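Fold and contact review
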Amino acid sequence: MANLESIRHSASHVLAQAVLRIYPNAKLGIGPAIENGFYYDFELPVSLIPEDLIKIESEMKSIIKENLPIVKETLSKQDAMKRLQASGQTFKQELLSELPDTEDITFFSQGDFSDLCKGPHVAHTRDIKAFKLQKISGAYWRGKETNPMLQRIYGIAFETKEALTAYLTLLEEAEKRDHRKLGKELDLFSLQDKAGAGLVYWHPKGARIRHIIETFWKEEHFKRDYELLNTPHIGQSWLWETSGHLGFYNENMFAPMKIDEQDYYAKPMNCPFHILIYNSSLRSYRDLPLRWAELGTVYRYERSGVLHGLMRVRGFTQDDSHIICTPDQVETEIFEVIKFAKYILQTMGFNDMKYYLSTRPKGAVGDISRWEQAEKALRNALAMENIHDFEVDEGGGAFYGPKIDIKIKDAIGREWQLSTIQFDFNLPDRFDMTYIGQDGQKHRTIMIHRALFGSLERFFGILIEHYAGKFPFWLSPEQFRILTINDSDATTAHAKSTLDHLKRSGFRGTLDDRNEKLGLKIREAQVQHIPFALVIGDKEAQANQIALRKRGEQTTQLLDLNEVTQLFQGLQTQKVN
RNA sequence: GCCGAUGUAGCUCAGAUGGUAGAGCAAACGAUUCGUAAUCGUUAGGUCGGCGGUUCGAUUCCGCCCAUCGGCUCCA
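Within each chain, residues carry numbers counting from 1 in the order of the written sequence. Key to labels: chains lettered from A, ligands numbered from 1, both in the order written. Only residues with pLDDT of 70 or above have their local features reported here, since the model is predicted, and side-chain atom pairs are shown and tallied only from 80 upward, although totals for entire chains, interfaces and linings are computed over all residues. Remark: hydrogens and water are excluded; side-chain values derive from all non-hydrogen atoms of the structure.

On to the overall build of chain A, then. Secondary structure follows DSSP: runs of H or I at least 4 residues long count as helices, runs of E at least 2 residues long count as strands, and numbering of each begins at the N terminus. Broken down by element type, chain A carries 18 helices and 28 strands. Taken across its 577 residues, chain A has 50% of its residues classed as buried. Summarising the internal contacts of chain A: among those between residues at least 6 apart in sequence, 71% fall at separations of at least 24. In these tables, accessible area is a Shrake-Rupley quantity obtained with a 1.4 Å probe, and a residue counts as shielded only by the protein chains included in the view. By element, 49% of the accessible surface of chain A is carried by carbon and sulfur atoms, the whole surface being about 27,800 Å². Computed over 73 positive and 79 negative side-chain charges, the separation of the two mean positions in chain A equals 2 Å. Working definition: with a 1.4 Å probe on protein chains only, accessible area under 20% of the residue-type maximum means buried, over 50% means exposed, and in between means partly exposed. Contacts were defined at the residue level, with two residues in contact if any of their heavy atoms lie within 4.5 Å. Charge convention: Lys and Arg are scored as positive, Asp and Glu as negative, and His as well as the terminal groups of each chain are ignored. Lys charges are placed at NZ, Arg charges at CZ, Asp charges at CG and Glu charges at CD.

Next up, the structure:
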């Protein structure tokens, strides 16, 4: 049985073969199997347009139909080079020249096509049963901006037609939940293209959800002995020189503004400000740990081409926190943060989490023993929370310290990184953060950066897509809508008193008493994904009841106001739907 | 930033080989008083992303810019 990676890899070869048949002068870049499919990079005399994909795809289909055997050849490096020179494949020559001289060089061929490749591949082209070309894009040769840009063709490939269809359905589903689309439809947020790219405007409904999230976040922090900070949005250049950001983070910072002859920078991070508060008085070991959190809005310059809805923006609010502690407090602090993150994420509706430990990279600051201790603390904290299946990214840590990242899976199985817990061996040194220990001496403080959501904007985007706009009751900006059937005095009075009562009980809702048909009102409530429609007409008014229709359901339930209030109360406090 | 595509009414979109544009929904007004996903009619609404050029005339052709989309790259 051909494995999926071979299928995808072979599909990329078939793609290259098809392109060469159509454009014999094409130069090949690389063509690997990737998640869900494959791509191949080409240098072509013309710019491909989407319609070209159809042509290339049908050429691929005929290659598959020809059922060419895919054969492996082993050549010496010298012979391989000769072959690549003969075919004029300069990019391949470059790849080959970097392979060790001793190695046997393998080529894979099918029919008139032959490619430098280490394999593996399927045996015959007909083993590629289900594929589809997806899109064209530019891609730098070997990912380097100074290199020429090649044209990349992406495709997807699966073992069976069914699997391919299933994947396409998933893509459709993802498109339906796209937060940019839902953000508009549900009037949650906007990006104002004339007022600046990558800057988010939260509309009333989005801002309401954000308020609920923030309130919850703050309350949970207070429960865990955090204190909140508020710090400025701009700071003088010496701060960023001291922190080092002007050196190593400069390209992500907005240009400075001059105020009274001084350069001020919009903050790309909150840490230096928190450190200033820490350093504003002498700290004793008795004061530690300090857990300081801030919903801090930062500004980072992102290149225009990478901006993406709420997921990648230029101004965003981090749910930032710095834990400042002594070395022997580290382990429990991290353990507590992991528990905290887990609780918060689960409450927001994410139950599938994965943990990643990133260790010391090359060129890291701080001595190795500190790193080792820190990594041990991270491992121990994970173990304390009974997390043993975490992945280790060796050398994947930031240069200033190791970290734990938490990724969640959303409702359609996509992974997103949210929480991060990072040691910082850099800033405490640079800002000379100390505390007075039991011995009366100054000691270097430990600083841990930590975010649970990462950025509120991005988290909101993920949340919208996770719920496809159908937010659970406690998060819904409009939890109920009262729909009147007619405008009789009895109906109106009952509707108004119901609204009044529910609002005074702490629920969010509106009254739709427009002169419209019930069908329309129901439809609009459904389209807006309002959790409950409360229908009131003369019958209900007379019986002092409410016909309650739950989002997504076609049936109604007759309840009295008390029962509705209780139902809402339960959903609200349990934070489930 | 780079490659490619796109930008027309609040939204979704149509349209003219250069003679200043249309639909549906939404809106306003009027009629309808209605029982669980769209009642009917009327009206209004646009410097056709921005700036410049060619032209008698540009939303249409050309250039530059801005933004969006798909990638590349980046995420110390």
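Taken together, 51 residues sit near RNA strand B, with Ser137, Phe248, Phe399, Asn515 and Glu540 positioned nearest. Sugar and phosphate atoms represent 45% of those atoms of RNA strand B found within 4 Å of the protein. Side-chain atoms alone can form a polar contact between residues adjacent in sequence; in general such a contact is a pair of N or O atoms within 3.5 Å, and within protein one must be able to donate a hydrogen while the other accepts it. The separation between a base nitrogen of RNA strand B and a polar side-chain atom of tyrosine 140 is 2.7 Å. Take glycine 305: an N or O atom from its main chain is 3.4 Å from a base nitrogen of RNA strand B. Proximity is defined per residue: if any heavy atom of the residue lies within 4 Å of a molecule or strand, that residue is considered near it.

What follows concerns the packing of helix H15 (residues 489-504) against helix H18 (residues 561-574). The relative placement of two packed helices is expressed as an angle between their axes plus a distance between the axes. Axis definition: a line fitted to C-alpha atoms, limited for helices to the stretch in contact. Angles are taken between N-to-C directions and run from 0 to 180 degrees. For the pair H15 and H18, interaxial distance at closest approach is 11 Å and the crossing angle is 35°. For the pair H15 and H18, the sense of crossing is right-handed. Residues Thr498, His501 and Leu502 of H15 touch H18, and the partners they reach there are Leu561, Val564, Thr565 and Phe568. Residue polarity is assigned by list, with Asp, Glu, Lys and Arg as charged and Ala, Val, Leu, Ile, Met, Phe, Trp, Tyr, Cys and Pro as nonpolar; anything else, Gly included, falls into the polar class. Split into classes, the residues belonging to the contact of H15 with H18 amount to four nonpolar, three polar and no charged. Working rule for handedness: look at the near helix, and if it is turned counterclockwise from the far one by less than a right angle, call the crossing left-handed; if clockwise, right-handed.

All right, on to the packing of aromatic side chains then. Classification of ring pairs rests on two measures: the distance between centres of Phe, Tyr or Trp rings, Trp counted by its six-membered ring, which must be within 6.5 Å, and the angle between planes, read as stacked under 30 degrees, edge-to-face over 60 and tilted in between. The final tally for this structure, using the stated rule, is 26 aromatic pairs. When the centroid spacing of 5.6 Å and the interplanar angle of 55° are considered together, the rings of tyrosine 39 and tyrosine 154 count as tilted. Of this pair, tyrosine 39 sits in strand S3 (residues 37-43) while tyrosine 154 sits in strand S8 (residues 149-158), and the two are 115 residues apart along the sequence. The class of tyrosine 39 is buried, set by a relative accessible area of 11%. Here tyrosine 40 and phenylalanine 42 contribute two aromatic rings whose centre-to-centre distance is 5.2 Å and whose plane-to-plane angle is 25°, an arrangement assigned as stacked. Neither tyrosine 40 nor phenylalanine 42 differs from the other in exposure class; each is buried. Following the ring pairs from residue to residue traces out a cluster consisting of Phe189, Trp202, Phe460, Tyr467 and Phe471. Think of it as a cone above the ring: NZ of Lys or CZ of Arg counts as a charge over the ring if it is within 6 Å of the ring centre and within 35 degrees of the ring normal. Its end group placed over the ring of tyrosine 39, arginine 152 keeps NZ or CZ at 3.6 Å from the ring centre. A cation over an aromatic ring shows up here: arginine 210 above the ring of tryptophan 202, its NZ or CZ 4.7 Å from the ring centre.

Turning our attention to the pattern of salt bridges. Here a salt bridge means any side-chain nitrogen of Lys or Arg lying within 4 Å of a carboxyl oxygen belonging to Asp or Glu. All chains considered together, the criterion is met by 38 salt bridges. A salt bridge links lysine 354 to glutamate 391, with the nearest nitrogen and oxygen atoms 3.7 Å apart. Placement of the pair is lysine 354 in strand S17 (residues 353-358) and glutamate 391 in strand S18 (residues 391-393), with a sequence separation of 37 residues. When its relative accessible area of 33% is taken as the criterion, lysine 354 is described as partly exposed.

This next bit is on the nonpolar core. Only buried Ala, Val, Leu, Ile, Met, Phe, Trp, Tyr and Cys residues count toward a nonpolar core, and they belong to the same one when joined by side-chain atoms within 4.5 Å. Of all hydrophobic cores here, the largest spans 66 residues; its most connected members are Ile334, Met348 and Phe423. Beyond its immediate sequence surroundings of up to four residues, phenylalanine 423 is in contact with Val330, Ile334, Ala374, Ala377, Leu378, Tyr400, Gly401, Pro402, Ile446, Met447 and Ile448. Grouped together as the second largest cluster of nonpolar side chains are 31 residues, Ile7, Ala26, Ile70 and Ile128 included.

Turning our attention to the domain arrangement of chain A. Throughout the structure description, domain borders are defined by an automatic or database domain assignment. On domain assignment, one finds that chain A holds domain 1 (4-173), domain 2 (182-230 + 270-465) and domain 3 (473-574). Here the C-alpha centre of domain 3 lies 58 Å away from the C-alpha centre of domain 1.

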